[in-house]
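Geometric and topological summary
Letter by letter, the chains look like this.
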Amino acid sequence: MAIPKSREVKVGAGVVGVYEYGDTNGSPVFVFHGTPACGAGFAWADQPARERGLRLLAPDRPGVGLSSRLPDYTVSDYPAMVGALADALGIHQFVVWGYSGGGPYAAACAAVLPNRVTKAAVSAGMGQLGVWAKAEDFEKTDRQMLGLAVKHPAVARSMLGFTGWLARHAPKTAMKNFEKQMNDSDRAVAKDMMGPPDEAIALFTQAFLRGPHGVVADYISLAQPWGVRVEDTKVPMAVFHGDSDTMVPLRHGEELAARVPGAELKVWPGAGHLGTISEVGDVLDSLG
């Protein structure tokens, strides 16, 4: 693998940074990155998507990577943004998949865009804070940043911006620090499937191409209720979660699946937060 490069897609008065993986002529799937991260984090899905005839489009959220900033956006605002991006790309109907912090955005798209979204998947997805999830559910770094982003956004931007700079200049050290937050299952996946440190950490460092504002805005968006009723979802949804996930607890996936009519829940035994990487075939098979 090499560090992926995004391209700018003009949408309205701004641009969206978009990474592409898989079959360029395949069925379109919008895949939403975690937090703090960007669309550079799906290189491991490239070959499996090619094999299944899927075109993965991974947009950076507002202010992340190359995407234009949009202050004070919420999860409920995102479906319209995805619809506008799809229009700019000449795509009418599509599938959505959200991983980790991208899960809420995929769930929102499925609930709000039933005429455009044909299927949805959420893997290791964050739960809805203030509804069935709370900040204390997450590991230490995310727990701290969810609070700081809301209460002291300037401090959060300073901390994340410096951390991103360090990671870009010392990727081996950054990866070692990241691994300290992992369980044994996730460390094995990171070692075997994410490439050398500079490539593995690109999902984080590429998020700061134009500063930390977008990453902090993403945390703020996720720190509040989504503003959509997932109970009204009419789109087929598959929910995947590892039962050893120490970053986002299994209960978040269980609660989402219980609320979405007809949703299918698959639990990966022994898998951690990076189980989506090792079990990516399961996710992609649900989207084809």
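See the structure shown above.
Description of the structure in this document. Remember, it's a predicted structure, so these values are computed and weren't measured experimentally.

**Details of the pairing of strand E6 (residues 117–123)**
- For E6, the tally of buried residues reaches five of seven residues, placing the bulk of the element in the interior.
- With five bridges joining them, strand E5 (residues 94–99) and E6 adopt parallel strand pairing. Paired with Gly-98 across the bridge in E6 is Val-122.
- Relative to strand E7 (residues 237–242), E6 runs parallel, the two sharing four bridges. Paired with Ala-120 across the two strands is Met-237, which belongs to E7.

**Comments concerning the environment of Ala-88**
- Its place among the elements puts Ala-88 in helix H2 (residues 78–88).
- We classify Ala-88 as partly exposed; its relative accessible area is 43%.
- Put simply, Ala-88 and Lys-10 are 78 residues apart on the chain and 7.2 Å apart in space, counted from C-alpha to C-alpha.
- Setting aside chain neighbours within four positions, we find Ala-88 in contact with Val-9, Lys-10 and Val-11.

**Digging into helix H11 (residues 250–259)**
- Taken as a whole, H11 has its buried residues at Leu-250, His-252, Gly-253, Leu-256 and Ala-257. In an axial view of H11, the angular spread of the buried residues amounts to 160 degrees, which keeps them on one side of the axis.

**As for the nonpolar core**
- Counting residues in hydrophobic clusters, the biggest one holds 98 residues, and the most contacted among them are Phe-30, Leu-56, Trp-97, Met-237 and Leu-256.
- With six residues, helix H3 (residues 103–112) is the single largest residue contributor to this core.

**A short note on the environment of Asp-23**
- As for its position among the elements, Asp-23 is in the loop between strand E2 (14–22) and strand E3 (27–32).
- Once the C-alpha coordinates of Asp-23 and Gly-164 are considered, the two residues, 141 residues apart in sequence, prove to be 31 Å apart.
- Once you skip the residues sitting within four places of it in the chain, Asp-23 turns out to touch Arg-50, Gly-53, Leu-54 and Arg-55.
- For Asp-23, the side chain forms a polar contact with the main-chain nitrogen of Asn-25, separated by 2.9 Å.

**Let's talk about the sheet that holds E3**
- The sheet built from eight strands is open, its strands ordered E1-E2-E4-E3-E5-E6-E7-E8 with mixed pairing. The open sheet is flanked by strand E1 (7–11) and strand E8 (264–268), the only strands paired with a single partner. Mean inter-strand twist for the sheet, computed between neighbouring axes without regard to direction, equals 25 degrees.
- Strands E3, E5, E6 and E7 of the sheet are contacted by H3, whose axis makes an angle of about 155 degrees with E6.
- Across the sheet, helix H13 (residues 280–287) touches E3, strand E4 (54–59), E5, E6, E7 and E8, and the angle it forms with E6 is around 165 degrees.

About the thresholds
Residues numbered from 1 in each chain as written. Predicted model: local features only at pLDDT ≥ 70, side-chain atom pairs only at ≥ 80, totals over all residues. Heavy atoms only, no water. Buried < 20%, exposed > 50% of the residue type's maximum accessible area, 1.4 Å probe, protein only. Helix = DSSP H or I, 4+ residues; strand = E, 2+ residues; numbered from the N terminus. Pairing = 2+ DSSP bridges. Contact = heavy atoms within 4.5 Å. Arc of directions from axis to C-beta. Core = buried A, V, L, I, M, F, W, Y, C linked by side-chain atoms within 4.5 Å. Polar contact = N/O pair within 3.5 Å; in protein donor to acceptor, adjacent residues only side chain to side chain. Axes fitted to C-alpha atoms, helices over the stretch in contact; angles between N-to-C directions.

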